[in-house]
Amino acid sequence: MTENYKDLCKKINNEFREIKNPSIKDLLHISKKLNVDISIIRECIGLKDIYEFEIDKAWEFISSATDEKVVPITYINCAATLKAFVGKNNGSICTSSNAEKIITWALTQGEKLLFFPDQHLGRNTCFKLGIGLDEMVVYDPTKKNGGLTREQIQNAKVILWYGYCSVHQGFKIEQIDQWRKKSPETTIIVHPEGNFEVTQAADMAGSTSYIINQIKKAAPGSKFAVGTEINLVNRL
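Residues numbered from 1 in each chain as written. Predicted model: local features only at pLDDT ≥ 70, side-chain atom pairs only at ≥ 80, totals over all residues. Heavy atoms only, no water.

### Concerning the environment of Lys69
Put simply, the test is: Numbering of helices and strands starts at the N terminus; helices are DSSP runs of H or I of at least 4 residues and strands are runs of E of at least 2. Burial status follows relative accessibility: with a 1.4 Å probe on protein chains alone, a residue under 20% of its type maximum counts as buried, one over 50% as exposed, and anything between as partly exposed. Contact criterion: two residues are considered in contact whenever any of their non-hydrogen atoms come within 4.5 Å of each other.
Its place among the elements puts Lys69 in the loop between helix H4 (51-65) and strand S1 (70-75). Taking relative accessible area as the criterion, Lys69 reaches 36% and is therefore assigned partly exposed. Note: C-alpha distance between Lys69 and Gln109 (40 residues apart in sequence) is 8.0 Å. The residues touching Lys69, leaving out its near neighbours within four places in the chain, are Gln109, Gly110, Glu111 and Lys112.

Quick look at the structure:
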């Protein structure tokens, strides 16, 4: 993302100028249009508690579609009400560093997992743990019942919320291909909030602390191409 925060907020507010009482559908539409995460949109237009009623609606449908226990997991950078939701429903909070541990624990507590709001962190972590892509479905809150059938819920092991980090979606497979040609000795390391194709194509993928530690312990003269937010890269 090359725009500064002030300019980005101005652009976002222009999109909402004619929209009164924006719905989750409005926010997701603008999120996709501008390639900006909903949390940033929420901050810029001063709107809070977007996901809360939608997660309740999703939970009601998912719970009614299956007799198996579903364990909710949310990323730590979310609203307090979402954290309260997972606590109320015997779930947990995770970070990118402990996502594997938390997901492994969750699947000892129930048969299914609801992971929100970042679908890519959930997908990449679950795949790393041996869960197939065909065992995962995406719940899209802009669609009726998330765009899923009861049968899809019943057959799925992991239900991913349609959310993402706009910064990490800026990294594309084409950029990795370019680095492979330009500097084949360079190690490509990315954050697991990137999309599945990028994470699979990279040499390494892991949390912020993982990225820092891998670079610190690398041999002198090692080269890295880092796919994560610019502030971390500047600190390395």
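### Observations concerning the sheet that holds strand S7 (residues 204-205)
Here is the rule we go by: Note: two strands are recorded as paired if DSSP finds a minimum of 2 bridges between them.
The strand order across the open sheet formed by three strands is S7-S6-S8, and the pairing between neighbours is parallel. What marks the edges here is a single partner per strand, and that holds for S7 and strand S8 (224-227).

### Overview of the confidence of the model for the protein chain
Our working definition: Confidence scores labelled pLDDT are given residue by residue by the predictor and lie between 0 and 100.
Confidence along the protein chain averages 87 in pLDDT terms, with 90% of residues attaining 70 or more. Within the protein chain, the lowest mean pLDDT, 60, falls on helix H12 (residues 230-235), and the highest, 98, falls on helix H8 (residues 150-155).

### Considering the pairing of S8
Where burial is concerned, the two faces of S8 differ: the one with Ala225 and Gly227 is buried and the one with Phe224 and Val226 is not. Where strand S6 (residues 187-190) meets S8, four bridges bridge the pair, whose relative direction is parallel. What sits directly across from Val190, in S8, is Gly227.

### Some thoughts on the side chain of Lys112
Formally: N or O atoms closer than or at 3.5 Å make up a polar contact, with two conditions inside protein: a donor-capable atom paired with an acceptor-capable one, and, for residues adjacent in sequence, both atoms drawn from side chains.
Relative to the elements of secondary structure, Lys112 occurs in strand S3 (residues 112-116). Looking at Lys112, the relative accessible area reads 2%, which means it is buried. Separated by 3.0 Å, the side chains of Lys112 and Glu68 make a polar contact. Residues contacting Lys112, with those up to four places away along its chain left out, are Thr66, Glu68, Lys69, Val70, Val71, Leu107, Ile153, Gln154, Asn155, Ala156 and Lys157.

### Quick look at helix H7 (residues 119-128)
Most of H7 sits out of view: eight of its 10 residues are buried. Within the sequence span of H7, burial applies to Gln119, His120, Leu121, Gly122, Arg123, Asn124, Thr125 and Cys126. Lining the buried residues of H7 we find S1, helix H6 (99-109), S3, strand S4 (136-139), strand S5 (158-161) and helix H10 (196-201). Residue Asp118 occupies the N-cap position of H7, its side-chain oxygen lying 2.9 Å from the main-chain nitrogen of His120. Once H7 finishes, Gly130 follows within two positions and takes phi at roughly 100°, a positive value.

### A short note on unusual backbone geometry
Note on backbone geometry: most residues besides glycine have negative phi, and most peptide bonds are trans. Across the junction of Phe116 and Pro117, the peptide omega takes the value 0°, indicating a cis bond. With respect to the secondary-structure elements, Pro117 resides in the loop between S3 and H7. Even without being glycine, Asn90 reaches a positive phi, approximately 60°. Within the element layout of this structure, Asn90 appears in the loop between helix H5 (80-88) and strand S2 (92-94). Non-glycine residue Asn145 carries a positive phi angle of around 55°. Under the relative-accessibility criterion, Asn145 is labelled partly exposed at 29%.

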